[in-house]
Amino acid sequence: MRQNEAIRRLVRETRLEPENFIYPLFLVSGEGRRREISSMPGNYQLSIDEAVKECEEARALGIGGVLLFGIPQSKDDRASGAYDPHGIVQQGVRAIKREVPDLLVVTDVCNCEYTSHGHCGKIVDGDVDNDQTLEWLAESALTHAAAGADMVAPSDMMDGRVGAIRARLDENGYQKVPIMSYAAKYASGFYGPFREAAESAPQFGDRKTYQMDPPNAREALREMRMDLEEGADILMVKPALAYLDVIAAARQAFDVPVAAYQVSGEFSMIMAAARNGWIDQERVMMETLVAIKRAGASILLTYFAKDAARLL
Ligand code: PBG
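Numbering of residues begins from 1 in every chain and follows the order in which that chain's sequence is written. Totals for whole chains, interfaces and linings use every residue, but because this is a predicted model, local features are given only for residues with pLDDT of at least 70 and side-chain atom pairs only at 80 or more, for both listing and counting. The side-chain values count all of the structure's non-hydrogen atoms but skip hydrogen atoms and water molecules.

Peer 1: Is there a simple way to think about the layout of surface pockets in this case?
Peer 2: Gaps left between atoms are located by rolling a probe of water-molecule size over the structure's atoms. Estimates place the volume of the largest pocket at around 460 Å³. Cavities and pockets are defined on a 1 Å grid built over the protein atoms alone: a cavity is a set of grid points where a 1.4 Å probe fits but cannot escape, while a pocket is an open set with protein on both sides within 12 Å along at least five of seven lines, and lining residues are those with an atom within 4 Å of any such point. Surrounding the largest pocket, 16 residues form its lining, E5, R12, T14, M286 and V290 being those nearest its centre. Think of it this way: any DSSP run of H or I at least four residues long counts as a helix, any run of E at least two long counts as a strand, and we number them from the N terminus. Elements with a contribution of two residues or more to the lining of the largest pocket: α1 (5–11) and α10 (281–295). Here the element with the most residues in the lining of the largest pocket is α10; it accounts for five residues. Grid points are joined across faces, edges and corners, and a volume is the space filled by probe spheres set on the points.

Peer 1: I keep staring at the site of the ligand and nothing clicks. Help me out?
Peer 2: The near set for a molecule or strand comprises every residue that places at least one heavy atom within 4 Å of it. Close to the ligand lie 17 residues; K185, R195, K238, S264 and Y303 are nearest. The term polar contact refers here to a pair of N or O atoms within 3.5 Å; inside protein, the definition further demands a hydrogen-donor-capable atom paired with an acceptor-capable atom, and it admits residues adjacent in sequence only when both atoms are side-chain atoms. Between the ligand and the protein, one listed contact pairs a nitrogen atom with a side-chain N or O atom of D108 at 3.5 Å. Y303 has a polar side-chain atom sitting 2.6 Å from an oxygen atom of the ligand. Surface accessibility in these figures is a Shrake-Rupley result with a 1.4 Å probe; residues are shielded only by whichever protein chains are displayed. Protein contact buries 100% of the 400 Å² of open area that the ligand shows by itself. Those molecules having more than half of their atoms within 2 Å of a cavity or pocket grid point set are described as sitting in that cavity or pocket. Here the ligand is seated within the largest cavity. When residues are sorted by character, Ala, Val, Leu, Ile, Met, Phe, Trp, Tyr, Cys and Pro go into the nonpolar class, Asp, Glu, Lys and Arg into the charged class, and all the rest, Gly among them, into the polar class. Broken down by class, the residue content of the shell around the ligand amounts to nine nonpolar, three polar and five charged.

Peer 1: Could you clarify how one ought to interpret the nonpolar core in this entry?
Peer 2: F26, V66, L67, M180, M224, I247 and Y261 are the most contacted members of the largest nonpolar core, which has 104 residues in total. Among the elements that take part in this core, strand β1 (residues 21–28) stands out by supplying seven residues, more than any other. We call two residues in contact whenever any of their non-hydrogen atoms come within 4.5 Å of each other. Those residues in contact with M224 that lie beyond four places of it in its chain are A183, A184, L235, V237, V246, A250 and F254. Side-chain atoms within 4.5 Å are what join buried Ala, Val, Leu, Ile, Met, Phe, Trp, Tyr and Cys residues into a set we call a nonpolar core. Only protein chains enter the accessibility calculation, which uses a 1.4 Å probe; a residue is then buried when its area is under 20% of its type maximum, exposed when over 50%, and partly exposed in between.

Peer 1: Would you mind going over the pairing of strand β10 (residues 234–238) with me for this structure?
Peer 2: Consecutive residues of a regular strand have side chains that alternate between opposite faces of the sheet. With five of five residues buried, β10 is to be regarded as a mostly interior element. Neither face of β10 is open: one carries I234, M236 and K238, the other L235 and V237, and all of them are buried. Bridge analysis of strand β9 (residues 180–185) against β10 gives five bridges, and the strand direction is parallel. By the bridge assignment for β10, A184 is matched with V237. Pairing analysis gives three bridges linking β10 to strand β11 (residues 258–262), with the strands arranged parallel. Paired with V237 across the bridge in β11 is A260. In terms of handedness, the path from β10 via helix α8 (residues 244–253) over to β11 forms a crossover that is right-handed. Only strands joined by at least two bridges in the DSSP assignment are considered to pair. Here a crossover is taken to be right-handed if, once the strands point away from the viewer, the path from the first strand over the helix to the second is traced clockwise.

As structure tokens, this is what we get:
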């Protein structure tokens, strides 16, 4: 049953569709700005007007949605740009929902792009204070929803953030805004290029006190169960390719949509090898995406969204 493409297509078990993809975008202030991220070829820091163009293209390609990250003009130790109602993401959401209203807009809810120290929360005595950080996260999610975000996606890995965000959204009339939780997010070396893109590398220490330890899989199920109990609607595993077992376990254990984030380092590794002529970019791109879906993720966050959608 492998003799030709017609029969292979007939018996194929897993299919990718552009509507499975979510395309991450990095917003900066200004106009007409499109600065390529050197470690992520084909990805840019975009001013809002340029991001709107990307969104129009994504929509035309049938891509499921976009995920917005913001790089504020100035950072401080209170992450004030994260929950400023006129912050970069909040402005971006308003513009995109105005210009491309039927495109799903998801916002990343985190503080590391907005803090001067690059950590995902408030620093107290040299470490991130979990509970004091929840207030920043809840307020960020609320300002995103108020700007018109279709869904919020907390990526900070504080305990209790899903519950805090759910409560804040509900109290303010945003009961219908779902939460896609970065539930099993590992302290990974694969985020390297993202930290260049988002200018969010921690200035001291690392994120191992709040992101998960890579050897742990049972703990991932516990993290996901907690997030579901707090009100998460979609569970995400991140990174993707090195954690296919965790994706498969999540798919088995829970009856909510499972998402997986093919992160910056996964993207850049493929691009770098392809640029050296060592692998075929299109083949490996499609092979990794289909593997992530086969493992059990129905939603794929990927920097390849446009390339893969074009090919499909
Ligand atoms: C914010 C956040 C990160 C990523 C998504 N949200 C960076 C990090 O945790 O350091 C990584 C995405 C990627 O590498 O593509 N906390």
